[in-house]
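Examination of the molecular architecture
Here's the letter readout for the chains.
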Amino acid sequence: MEKIDGIINNKRVIVKKPELLAPAGDLEKLKIAIMYGADAVFIGGKEFSLRARASNFSINDIKESVRFAKEHNAKVYVTTNIIAHNENLFHLEAYLSDLYSCGVDAIICADPFIIETAKRVVPNLELHLSTQQSTTNSEAINFWFDEGIKRVVLARELSVDEIKAIKSKAKADIEVFIHGGMCVSYSGRCTLSNNMTDRDANRGGCAHSCRWNYRLYANDDEMLSDKLGYYNLSSKDLMAIPFIPDLIESGVDSLKIEGRMKSIHYISTVVGTYRKLIDDYCIDPDHFVLNNLYFDEISKAENRLTSVGALAGKPTENEQLYNVRTEKPTQEFIGIVKGYDEIKQIATIEQRNYFTKGEKVEIYGPGFMKQFLTISEIFDEEFNEIDVARHPRQILKIKIPFKVYPYDIIRKTREL
Amino acid sequence: MLELIVSPTSYNLVENCDLCDAFILGEEQYSLRLAHYFSFEEIVDLMNICKNRKQKIYIAVNKIVHEDELDKIDKYLSKLSGLDIDGIIFGDLGVYNLARKYNLVNKLIYNPETYVTNYESVEFFAKKGIKKVSIAKEITLDDVLLIGSKELIDIDILGHGALNMFHSMRDLVTNYFKFLKDENANKYHNEQLYLIEEIREEKYPILEDQNGTHVFSEKDLCTIKYLDKFIENHIYGIRIDGIFKSDEELINIIEIYRLAINDYRLNKQLYIDKKAKYLENLENIENIRPFYEGFLFKKTIYKGGENGKN
Ligand code: SF4
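Let me sum up the structure you'll find in this document. This is a predicted model, so every value here is computed, not measured. All residue numbers here refer to positions counted from 1 along the written sequence of the relevant chain. Whichever chain is written first becomes A and whichever ligand is written first becomes 1, with later ones labelled in order. pLDDT decides what is reported in this predicted model: residues at 70 or higher carry local features, side-chain atom pairs at 80 or more are listed and counted, and totals for whole chains, interfaces and linings draw on all residues regardless. Excluding hydrogens and water, the side-chain figures rest on all heavy atoms present in the structure.

Some points on the packing of aromatic side chains
When two rings of Phe, Tyr or Trp (its six-membered ring) have centres within 6.5 Å they constitute a pair, described as stacked for plane angles under 30 degrees, edge-to-face for angles over 60, and tilted for the intermediate range. Inspection of every chain in the model, using the stated rule, returns 23 aromatic pairs over all chains. Residues Y231 of chain A and Y176 of chain B carry aromatic rings whose centres are separated by 4.8 Å and whose planes lie at 70° to one another, so their mutual orientation is edge-to-face. Linking Y231 of chain A in the loop between β10 (214-217) and β11 (237-239) with Y176 of chain B in helix α7 (residues 172-179), this pair reaches from one chain into another. The burial state of Y231 of chain A is the same as that of Y176 of chain B; both residues are buried. By the ring-pair criterion, three or more aromatic residues cluster together here, those being F143 and W144 of chain A together with F90, Y96, Y110, F124 and F125 of chain B. Numbering of helices and strands runs from the N terminus; a helix is a DSSP stretch of H or I covering at least four residues, while a strand is a stretch of E covering at least two. Residue exposure (1.4 Å probe, protein chains only): buried if accessible area is under 20% of the type maximum, exposed if over 50%, otherwise partly exposed.

Quick notes on the interface of chain B and chain A
Residue contacts are counted whenever heavy atoms from the two residues lie within 4.5 Å of one another. On the side of chain A, 86 residues touch chain B, which itself brings 71 residues to the contact. Buried area: the accessible area, evaluated with a 1.4 Å probe, that two parts lose upon being put together, summed over both parts. With both chains or domains summed, chain B and chain A bury close to 7300 Å², and 56% of this area falls on carbon and sulfur atoms. If you sort the residues of chain B by the area they bury against chain A, E67, Y115 and R170 of chain B come out on top, with a joint share of 11%. The term salt bridge refers to a pairing of a side-chain nitrogen on Lys or Arg with a carboxyl oxygen on Asp or Glu at a separation within 4 Å. Scanning the region where chain B abuts chain A turns up 7 salt bridges. Polar contact is defined as a pair of N or O atoms within 3.5 Å, subject to the rule that within protein one atom must be able to donate a hydrogen and the other to accept it, and that residues adjacent in sequence are counted only when both atoms are side-chain atoms. Where chain B touches chain A, the interface holds 43 residue pairs in polar contact (both at pLDDT 80 or more). Within the residue set of the side of chain B that touches chain A, elements represented by two or more residues are α4 (93-101), α5 (119-127), α6 (141-149), β7 (154-168), α7, β8 (192-197) and β9 (204-209) of chain B. With 7 residues, α7 of chain B is the largest single contributor of residues to the side of chain B that touches chain A.

Some words on the layout of surface pockets
All names here are of chain A. For the largest pocket, the calculated volume is near 880 Å³. Lining residues are defined by having an atom within 4 Å of a point belonging to a cavity or pocket. Those points lie on a 1 Å grid over the protein atoms alone, cavities being sets where a 1.4 Å probe fits but cannot get out and pockets being open sets with protein on both sides within 12 Å along at least five of seven lines. The wall of the largest pocket is formed by 43 residues, among which R51, G181, C183, H208 and E258 lie closest to the centre. Among the residues making up the lining of the largest pocket, the classes are represented as 16 nonpolar, 16 polar and 11 charged. Grid points are joined across faces, edges and corners, and a volume is the space filled by probe spheres set on the points. Polar here means any residue other than Ala, Val, Leu, Ile, Met, Phe, Trp, Tyr, Cys and Pro, which are nonpolar, and Asp, Glu, Lys and Arg, which are charged; Gly is therefore polar.

Section: the packing of helix α9 (residues 247-266) of chain B against helix α10 (residues 268-283) of chain B
Residue and element names in this part refer to chain B. The geometry of α9 relative to α10 is characterised by a closest axis approach of 8 Å and an angle of 170° between their N-to-C directions. Taken together, the axis directions place α9 and α10 in an arrangement best described as roughly antiparallel. In contact with I253, I256, Y257, L259, A260, D263, Y264 and L266 of α9, α10 contributes K268, L270, Y271, K274, Y278, N281 and L282. Residues belonging to the contact of α9 with α10 are distributed by class as follows: 11 nonpolar, 1 polar and 3 charged. The angle between two axes is taken between their N-to-C directions and runs from 0 to 180 degrees, where each axis is a line fitted to C-alpha atoms and a helix contributes only its stretch in contact. By definition in this entry, angles of less than 35 degrees are roughly parallel, angles greater than 145 are roughly antiparallel, angles of 65 to 115 are roughly perpendicular, and the rest are oblique.

As for the side chain of S31 of chain B
All names here are of chain B. Inspection of the secondary structure puts S31 in the loop between β2 (22-25) and α2 (40-52). A relative accessible area of 0% means that S31 is categorised as buried. A polar contact is formed between the side chain of S31 and the backbone oxygen of E27, at a distance of 2.6 Å. With sequence-adjacent residues up to four places away left out, S31 is seen in contact with G26, Y37, A60, N62, K63 and N211.

A few points about a negative patch on the surface
Each patch is built from residues lacking any salt bridge and having more than 30% relative accessible area; the joining distance is 9 Å for like charges and 5 Å for nonpolar side chains (Val, Leu, Ile, Met, Phe, Trp, Tyr). Note that accessible areas follow from Shrake-Rupley with a 1.4 Å probe, and for residues the cover is restricted to the protein chains shown. In this tally, Lys and Arg are treated as positive and Asp and Glu as negative; His is ignored, and so are the chain termini. Just so you know, the charge point we use is NZ for Lys, CZ for Arg, CG for Asp and CD for Glu. Among the surface-exposed residues, D220, E222 and D226 of chain A together with E191 of chain B lie close enough to one another that they form a single negatively charged patch. Within the secondary structure layout, D226 of chain A lies in the loop between β10 and β11.

Some details on unusual backbone geometry
Residue and element names in this part refer to chain A. In this model, N9 sits at a positive phi of 50°, which is unusual for a non-glycine residue. Position of N9 relative to the elements: it lies in the loop between β1 (5-8) and β2 (11-14). Among the residues examined, N9 registers a relative accessible area of 72% and is labelled exposed. Phi is positive for H208, which is not a glycine, with a value near 55°. By the element assignment, H208 lies in the loop between α7 (192-197) and β10.

Focus: the site of the ligand
Residue and element names in this part refer to chain A. Here a residue is considered near a molecule or strand provided that any single heavy atom belonging to it is located within 4 Å of it. The ligand sits among C183, V184, S185, C190, C206, H208, S209 and C210. Mapping the ligand onto the cavity grids shows that it belongs to the largest pocket. Classifying every residue of the shell around the ligand by side-chain character gives 5 nonpolar, 3 polar and no charged. Criterion for pocket placement: a molecule counts as inside a cavity or pocket if more than half of its atoms are within 2 Å of its grid points.

Description of the sheet that holds strand β19 (residues 378-379) of chain A
Residues and elements named next belong to chain A. Spatial strand order, β18-β17-β23-β14-β15-β22-β19-β20: 8 strands in an open sheet with antiparallel pairing. Two strands in the sheet have a free side with no partner beyond their single neighbour: β18 (369-374) and β20 (385-386). As paired strands, strand β14 (residues 333-341) and strand β23 (residues 409-412) are joined by 3 bridges and run antiparallel to one another. Counterpart to F333 in the pairing with β23 is R411. Two strands qualify as a pair provided that DSSP identifies no fewer than 2 bridges between them.

In structure tokens form, the structure reads like this:
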């Protein structure tokens, strides 16, 4: 059994810090995730991936991702996690060879065809088993370990106690979801979308049919959902902050954030918060206090209702998402810093949302750094002064009296 | 010649039906979505009856196994290893690992519902030394036949029955009524309800039981017209699922499939000529659930690939 903690200077510390694994929908998000503290990122290529539709990663982008990640000591995993049909059984070998030569650290797969092909074609490429296989016990994990799987992403149906028990018996490394959208069904076992829209959920087509509005009837046609007007199957998003200490103590190997479709505002905030939480806990677990800071910070990026999923045990009505319109607005993301001129105290930024002079903003960066400011002057690239930043992705100059860095993010402070 | 496998609706039905080649029997704590659950004693009794009639018995141990259930499954497999059963249906690969201990691997039938959708995957499980693989019902007839024609291992598929299309561990009916603060929140546990989506008309049965919540298709998949193709492409068996059926409805359905297979055996042309008749007979069964061709001719959209459509 691997050592999880140790005593340094008479103080217990965590020596086995789990990996923080973040999603990245494109190269910019990948860089943000890594800058804000992810130890590894997962991306979907344009083929064989459940998010292929939304993928911006060509082989060249993957190469660049790996280069950037290596430079920052981070890892890159590529999802090849479809459950293939006969028509998808071609061209995999060349694709896997390409991924391998890009230097990716692992692929995340679910179909034995992909696993077998990878073992044959790229025997040195690490294989992770996707959560699509809904693995819920150590014997199943050990089955896959014997098949050459290095790491298993657990099903999202498990409590912290189950995860602990599994971890103590599993031969493969264990990855656990801690944040993001989740299936209400056992993953990989839902074909609502296939049946209702012809879109194959196990090949990247899920139409989120579980979130649609239904009416519920008794067998004698009595309508049971008239009180609310509708019935939903869906789940709140996962948010595992309260369980991070337990997960760290259980010795799991990787903590995973979901959301390859999310914005850089979301990625930077969520990754930054979990980074801080993990570091704070590991350095002094016995005096760690789970204060509101973490919850408050993450809520700035989160507009969907969250819950702890199954981590506390079988989900109740509190973990369900009924289509009551309760989405909270997120704090608005207005720009990202590209550079800073220390002499002139002028930051170059890329605009992401409408803002005006006089706006109160929060600027935050990697390492949980935060500063506040009221925007006094805005210029365009030719240094013409403007009052309103209204063009998406326009490069602007703004006066900032303290030092900021590339990748720092500017968002409006929340009106209370 | 195409094994006719039935997931039965009652003890009585098994006791009295000699028309099929095999039954799937299971206990509630080890299996999922069976039309009827049996006790161990009943299974043993029925086994003896069926053996005398040369019918096979497959035991369903197809639940998704959580860590604290491994012991229970282990003990059950040990118990099953003392019985003269013909197969064990499983959907969780943990069961495979446990079955090794009891030399049961060659009895295993892998049915994970949605995961086996291509012949390479079938080949992977064939190499694991198991007995049979049940392929997914979400693929087209052409794909089913292509997989069968590879003759990698015995294959079975759903022949007639509802498509289960959703399984959550959660009590999604009870949770809903708790959310509504309904005092009788548990009232509908184990009761068959149905859902209708806002802009659709289909009625999807929804059932909450001790394994969570299941949602099914409105109609039953019906494959009576394709039995010749199955046979010619080496599909080994078809399953008739009793879920949402009475004994009588199920018996009637079994009779028609039995007749169709026997007709084919006598004379392929006879079977072909009678296809319309079988369908008519199915339709004439009182109260029969509506049926359709499922995914046999409905190719689902693959979102991946360089040119992924939509
Ligand atoms: S419909 Fe819902 S439960 Fe089903 S695969 Fe899609 S997100 Fe998951």
